[in-house]
Structure formats: structure tokens, C-alpha cells
Amino acid sequence: MSLFVKKLLGVGAAVAALGLLIGFYVSSWASSFPKSVAATTTTTSTGASSELTLETVGTSGPKVSPVHPDWVSYLVKSQGRWVHSTIYTVPANSVVHVTIYQFDSPTGLRNPFMAQVQGTIDGTANIDGKAVSAIDPEEASHTFAVPELGVFVPLPGVSEEAKHPCEAGPCEPSTSDHRTITFSFRTGKKGRYHWQCFVPCGAGFIAGNGGAMQTLGYMDGYLDVV
Amino acid sequence: MSEPNHGRRFALIWLVATLIATPLVVVLLGPILPPGNGSEQASGKVTDNTVLLAMAMPVLLLVVIYLIYAVIFFRQPKGGVLEGPAVRGDSRIQTTWIIVTSLLVLTLAVYGTVRLEAGYGAGSGSGPSPVTVPSGPKLPVQVIAQQWKFTFRYPTYGGVETPHLVLPVNQMVELHVTSLDVIHSFWAIQLGVKADANPDVDNIAFVKPTKLESFEVRCAELCGIWHGAMFDYGHVVSASAFNNWIHQQEVTFAPATKVLPPYSTTYLPEPTRRGG
């Protein structure tokens, strides 16, 4: 084998190895995105509506997030089980009924303006069976907000003295202390809308806005209106 | 055949091209330069951009025409490779170059400074103590940035905070730009306003909208994963429409106003508590 062929084979092998590494990196990055979860949709003569059931946990836990088990996170209910995703699909020009089981303790809003319920059908949210238009900003644990749709709903926290706190996700309302928040809002035209939590709940990060607050699949995501 | 006077010929071509192209560019391109004429500050920026373009045209033509001239007239002649003549310094060209470029830069520096101050910051943030402040009544509006949304507070209307920016036409507005977390930048594109939003800093910018229109609001400082989602649309409306709107906002956001801290030029950037 000539020296030229040897060099050629060597360079070819190095290029192939590098290509494999890049391919592996790209595929693992692409597969790290959460899968989209469709809301349960019903269509009647008056139009389409859908149900979205979510929960927020202060600690994801190793079952939900082996990579970041101590991060705070949203979960969504799909086919009877809790799924770690923040990408939800809902119908366009419809009413979305949202139920959130909130298991986390309060952190407090950075901007108390977000303590007011905005953009829901009647301007209120139902918290533990009571319709409210605003909460105490100090009591906020998280928010569910879709700024482009004008939807802002503050979620009050569970008492820090709760007897049965949720230790790690997923948690069930039947076994852990929680707050139940329900509200409805209308979707508009088709599109991808960003949603997020406005409480700086990324504990352990600068200004509380790192980690889970900056990672798709935890405290922010997309609302795919289709 | 004797060699023509390239210097004189080139200078003549450049002069004619400059005299034709510069007015054309000013007349045809000037009116469509960004950011438009949505405010006095935006119109001022269009004027400044036109002046800069007019000053840059002769320089651009000098370079481009010289390149084309050299390609045409200084080509390697057919029939063999010839060593070019040695290039030595030319003190006249060097002196002219230094004087002309120095004059250009100094003129731009003086022009920029004058325009900046005469335009009360020309739509940019001037810090908490602007050097020049417009006289007459001003509508104070606070721009509050946080990851990843701008909200707006109107201290002369009970300190009400709103999710959208609405401004009255032909009214000088005093924007107080601040942030609750990281560094952002408030950019009202068609109004020609761009001001850094820093935590614990009151960055003041002045703008006088002159046109009834909608304008884009964007964050112009990479501020995290959802920086691209930090946008909104603002509106310039008539004085009466603004009055109606702001009074409606006072009613709509009364529950939030009750729990807001008293109006302040800056707010404590730290969260009140940290949870897990």
C-alpha cells in the first residue's frame, strides 16, 4: 500500500469518526426536545373545546427527569399518566379549559402585576373552588402565561407547613397537598405561541431565572394552535 | 503613444460620478431609510442616516471607481510579464488623505454630538440625568423589562401598569426604562427609540410620536432562551382615544394596582423569596 493511500485512508477514517460524533451530538440534541401532547378535544355544534390537565412540582424527581431531578417542572396528563412535556397542541378558535394541580410552595412574583388574572374568559381563575381575579403576589408559586394571547394566570403555592407535600414528581392530587386552579381561555388563529412561568423559580441560579426557567420542557414551552 | 494623465482623468471621473450619484441617493434612498417618520426622533434619525449616506458616497465611489479604473487601464500588457515600477511614498497624496479623512471624522463627531443633544438624546437612553431635557409638559411612562415581557406603568394615572404600550400623538413622552432581572434593551422600532433596560437603573429616553400608527416593540439585547419571544405591538392614538384607553386600563387593572409597590424609578431586582 503506497504512502498516499495510507494517508488517504487515515484522513478518511478521521473524517468519518468526526462525522459520527457530530451526528451523535445532533441526534441526541434533537431527541432531547419534549414531545408534543395534544389536549383532549371535543367538538359540539357550538364549536370545539379542549381540556388540558397540568401539574407543577417543585422537584421533578428521577422518574420524571433523570438529568435534572431537582429542577422544578410542569407535567401534563396524557392518557391517564403524567408526561414530562411543555409542548401542548390545542385547536384554533376554540375554548381551552385548563386544570392545574399546583404542588409547589410559594416563591413570590418579581413583578406583582402578574398577580392579576388576565386573558381568561371571564377575567377570573377558579382557585380551590373560589373565583378570584388576583392573588397575593407573595403567595405565587408559578404562573401559566401565554403573553401573545394575553393570558396570565398566577398559581398560588402550597403552604410550607403542608403535612403531605409532594416530594418529587409526578404527584397525585389524591395523595399530596396541592392547590387546584382552573380557568378557560380562547385560542385565536393557528400558530405556535410561547408560554412561560413568570415567577423566578429556578432556585440556585442567578436571579432565579436559570436552569428550569431557561430549558424547554420544564417551566416554559409552546402552545401549538392547530 | 504617450501615457495619459491618469490622476487628472480619474479625478474627473470620480468628481462627475459623485456630483451625479450623491444627490440621486439622497433624493431616492433618503426618504425610505429606517426607522421612518413615526416620531420626531425617528424623523431625525432618517435625516442623520441620509447625511451619513451622502458623506459616504464620495468615499465609496473613490474606492469602486479606482478599482474599475485600475482593472481597465493598469492591466498586464500582452506579450510577457513585466516588473512594475517601484512604488514610493507620495507626500501630497498622504497629506491629502490624512487631512480629508480627519476632517470627515471630526465633522461626523461634531455633527453626531450636536444632533444627539439637540434631539434630547435622539431617542436613545440618556441615563438617569439627561444632559438636555425638552421643555413643556411630558407624559412619564415607565418601561419595565423582565424575562421575557415588557410591561408599562403610567405614574400620572394612579401608577397603573399595562401589558401594552399606548401613547398619545404629538405629546412629548418621557420614558423611564428599567429592568427587574437581567439586561434588556427596549426598542420601539418605528418610533426610533432604543434604550438599555438595566436592573436598578432609571434610563430616560424622550420621544414625541407624530403619526397615528402601530409600532413594534422588541428586546434588542440577548436576554435568555426566550429573548426572541420578547416582542409586542404598541399604538400611537389620538389624545382623546388615549384618555379613554388609560381610564379603561385603570379600571381593568385595579386589582393589580392594589398590590403593586408604590411607583419608583427602579425596583429591587431580587425576588421576594426563593422556592424550590
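Note that the structure is predicted; figures quoted are calculated from it, not measured. (Residues numbered from 1 in each chain as written. Chains lettered and ligands numbered in written order. Predicted model: local features only at pLDDT ≥ 70, side-chain atom pairs only at ≥ 80, totals over all residues.)

Novice: Go over the sheet that holds strand β9 (residues 214-219) of chain B with me, naming the residues and quoting the values.
Specialist: Residues and elements named next belong to chain B. Taken together, five strands build an open sheet; the order of strands is β4-β10-β9-β6-β7 and the sheet is mixed. For this open sheet the edge positions go to β4 (166-168) and β7 (193-197), each flanked by a neighbour on one side alone. Averaged over all pairs of adjacent strands, the angle between their axes in this sheet comes to 20°, without regard to strand direction. In the sheet, strand β6 (residues 184-188) pairs with β9 via three bridges, with the strands oriented antiparallel. Bridge assignment links F186 to a residue of β9, and that residue is C219. (Pairing = 2+ DSSP bridges. Helix = DSSP H or I, 4+ residues; strand = E, 2+ residues; numbered from the N terminus. Axes fitted to C-alpha atoms, helices over the stretch in contact; angles between N-to-C directions.)

Novice: Explain helix α1 (residues 3-31) of chain A to me, using residue names and the numbers behind them.
Specialist: Look at α1(A): 42 Å from first C-alpha to last across 29 residues, which is about the 42 Å you get at 1.5 Å a residue. Of all the 29 residues making up α1(A), zero are buried; the element is thus mostly uncovered. (Expected span 1.5 Å × (residues − 1). Buried ≥ 20, exposed ≤ 12 C-beta atoms within 10 Å, placed from the backbone.)

Novice: Tell me about the environment of A:P165, residues and numbers included.
Specialist: All names here are of chain A. With respect to the helices and strands, P165 occurs in the loop between β11 (151-156) and β12 (179-186). On the basis of neighbour count, P165 is assigned to the partly exposed category, with 18 C-beta atoms found within 10 Å. Linking P165 and V57, residues 108 residues apart in sequence, is a C-alpha distance of 10.0 Å. With residues near it in sequence (within four places) discarded, P165 still touches V158, S176 and D177. (Contact = placed C-beta atoms within 7 Å.)

Novice: Explain the interface of chain B and chain A residue by residue, including any values.
Specialist: On the chain A side, the residues contacting the 27 residues of chain B number 31 residues. Breaking the side of chain B that touches chain A down by element, the ones donating at least two residues are β1 (139-146), β2 (149-154) and α5 (254-259) of chain B. Of the residues forming the side of chain B that touches chain A, the biggest block, three residues, is contributed by α5(B). Among the residues forming the side of chain B that touches chain A, the class breakdown is 15 nonpolar, seven polar and five charged. (Nonpolar A, V, L, I, M, F, W, Y, C, P; charged D, E, K, R; others polar.)

Novice: Give a description of the domain arrangement of chain A that names residues and reports values.
Specialist: When its domains are assigned, chain A resolves into domain 1 (1-32) and domain 2 (35-225). Taking the mean C-alpha position of each, domain 1 of chain A and domain 2 of chain A sit 44 Å from one another. (Domains from an automatic or database assignment.)

Novice: So what's going on with the pairing of strand β10 (residues 231-237) of chain B? Residues and values would help.
Specialist: All names here are of chain B. The sheet contact formed by β4 and β10 spans three bridges and is parallel. Of the residues in β10, the one forming a bridge with V166 is H235. Examined bridge by bridge, β9 and β10 share five bridges and lie antiparallel to one another. Residue E216 lies in a different strand from β10, and its bridge partner there is Y233.

Novice: Before we move on, could you go through the sheet that holds β2(B) and cite the residues and values that matter?
Specialist: Residues and elements named next belong to chain B. The sheet built from five strands is open, its strands ordered β3-β2-β1-β5-β8 with mixed pairing. The outermost strands of the open sheet, each flanked by one partner alone, are β3 (160-162) and β8 (203-207). Neighbour-to-neighbour, the strand axes of this sheet turn through a mean angle of 25°, independent of strand direction. Two strands pair when backbone bridges link them, and strand β5 (residues 173-179) and β8 are joined in this way by five bridges, in the antiparallel orientation. When the sheet's bridge partners are listed, V173 is paired in β8 with V207.

Novice: Explain the packing of helix α1 (residues 6-28) of chain B against helix α2 (residues 40-73) of chain B to me, using residue names and the numbers behind them.
Specialist: All names here are of chain B. Direction vectors running N to C along α1 and α2 enclose 145°, while the axes themselves pass 9 Å from each other. Handedness of the crossing formed by α1 with α2: right-handed. Contacts between α1 and α2 pair H6, F10, I13, W14, A17, T18, A21, T22, V25 and V26 from the former with T50, L53, A54, M57, P58, L61, L62, I65, Y66, Y69 and F73 from the latter. Each residue belonging to the contact of α1 with α2 can be placed in one class, and the counts come to 17 nonpolar, four polar and no charged. (Left-handed = near helix turned anticlockwise from the far one by under 90°.)

Novice: Tell me about unusual backbone geometry, and please be specific about residues and values.
Specialist: Backbone torsion omega between A:G169 and A:P170 reads -5°, so that peptide bond is classified as cis. Along the chain, A:P170 turns up in the loop between β11 and β12. Cis geometry marks the peptide bond from B:Q147 to B:W148, where omega comes out at 5°. Take B:W148: it is sitting in the loop between β1 and β2.

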